[in-house]
Number of protein chains: 2
Amino acid sequence: MDICGDKCINEKKVLETLKTIPPVESINQMVDIFKALSDPTRLKIVLALLKQEHCVCDIAVLCNLSDSAISHQLRILRTMKILKNRREGKIIYYSIDDDHVVSLIKMSLDHITHAK
Amino acid sequence: MDICGDKCINEKKVLETLKTIPPVESINQMVDIFKALSDPTRLKIVLALLKQEHCVCDIAVLCNLSDSAISHQLRILRTMKILKNRREGKIIYYSIDDDHVVSLIKMSLDHITHAK
DNA sequence: ATCATATATGAACAGTTGTTCATATGAGGA
DNA sequence: TCCTCATATGAACAACTGTTCATATATGAT
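Just so it is clear, the structure is predicted and the values come from calculations on it, not from any experiment. (Residues numbered from 1 in each chain as written. Chains lettered and ligands numbered in written order. Predicted model: local features only at pLDDT ≥ 70, side-chain atom pairs only at ≥ 80, totals over all residues.)

### Considerations on the packing of helix 3 (residues 40–51) of chain A against helix 5 (residues 67–79) of chain A
The description of two helices packed together rests on the angle between their axes and the distance between the axes.
Residues and elements named next belong to chain A.
Consideration 1: At a closest axis distance of 10 Å, the pairing of helix 3 and helix 5 adopts a crossing angle of 70 degrees. Considered as vectors, helix 3 and helix 5 are oriented roughly perpendicular to each other. Taken as a pair, helix 3 and helix 5 cross one another with a handedness that is right-handed. Touching Thr 41, Arg 42 and Ile 45 of helix 3 are Gln 73, Ile 76 and Leu 77, all from helix 5.
Consideration 2: For the contact of helix 3 with helix 5, the residue count by class is 3 nonpolar, 2 polar and 1 charged. (Axes fitted to C-alpha atoms, helices over the stretch in contact; angles between N-to-C directions. Helix = DSSP H or I, 4+ residues; strand = E, 2+ residues; numbered from the N terminus. Parallel < 35°, antiparallel > 145°, perpendicular 65-115°, else oblique. Left-handed = near helix turned anticlockwise from the far one by under 90°. Contact = placed C-beta atoms within 7 Å. Nonpolar A, V, L, I, M, F, W, Y, C, P; charged D, E, K, R; others polar.)

### Digging into the packing of helix 1 (residues 11–20) of chain A against helix 4 (residues 56–63) of chain B
Consideration 1: With their axes 10 Å apart at the nearest point, helix 1 of chain A and helix 4 of chain B run at an angle of 45 degrees to one another. Taken together, the axis directions place helix 1 of chain A and helix 4 of chain B in an arrangement best described as oblique. Considering how the two elements wind past one another, helix 1 of chain A and helix 4 of chain B form a crossing that is right-handed. Facing helix 1 of chain A, whose interface residues are A:Lys13, A:Val14, A:Thr17 and A:Leu18, helix 4 of chain B presents B:Asp58, B:Val61 and B:Leu62.
Consideration 2: Looking at the contact of helix 1 of chain A with helix 4 of chain B residue by residue, the classes come out as 4 nonpolar, 1 polar and 2 charged.

### What about the interface of chain B and chain A?
Consideration 1: Taken together, the contacts link 49 residues of chain B with 49 residues of chain A.
Consideration 2: Where the side of chain B that touches chain A is concerned, the elements lending two or more residues are helix 1 (11–20), helix 2 (24–36), helix 3 (40–51), strand 1 (54–55), helix 4 and helix 6 (99–113) of chain B.
Consideration 3: Within the side of chain B that touches chain A, the residues separate by chemical class into 27 nonpolar, 13 polar and 9 charged.

In structure tokens, the structure reads:
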């Protein structure tokens, strides 16, 4: 039957589903992407850079946060290769370096605006 | 010029970008979705339910975690309306209730498998 | 060189998160 | 009714996260 068996597991169903679940490494990679976007500051940074590149201090103004706080978050996003940067004198410009993340963000924006 | 001005901000660029950034509430909604998917246990649960509905104890087996831990995570996903449940006697079956989240997950899976 | 400015970094701290453990609820069977 | 099983819940705790503050680095200007 479909009811959890002996030890409260339906072995057949569990094994069936188990086959379809991606390997741990894949799950962790997905988690890392979602985690990067699951902080309002980081998401706002990426949303801002969707429009155009910006220097650190401009991003700080856009996010209403200290340069330092922004710098920490930029490092996270850069380490994940979601952002890249270029130097122009003293100033460092950040921009988006990952199209996949852009599509994820656009899709999630679509979803919340065209509520189901 | 394009270099950060007086107080290290390029006002024109900042205002330009500011116009394109979604309102705080939208950003928070997006963050909530991404946050829901940014834990390996929760993501694995949703990935499993992509295949078929499962009872709590089966999900616990699939995730190698205690019934209690799973129950806590299921509550989070149910509260967010990502999952729904139905009772059949003593057993409660969980399944997916949010197509948007499904598309986000599928898209992120695509991205990590077809690496850029 | 010296100084000011833009960005980066490390330590510290508060707030949050996920799991465990103990216990509660709620349904079916004896 | 009493017991068992499936699930839910609250408290506690360790681990993690994001910001601040102080300080460091690096570039350009004087």
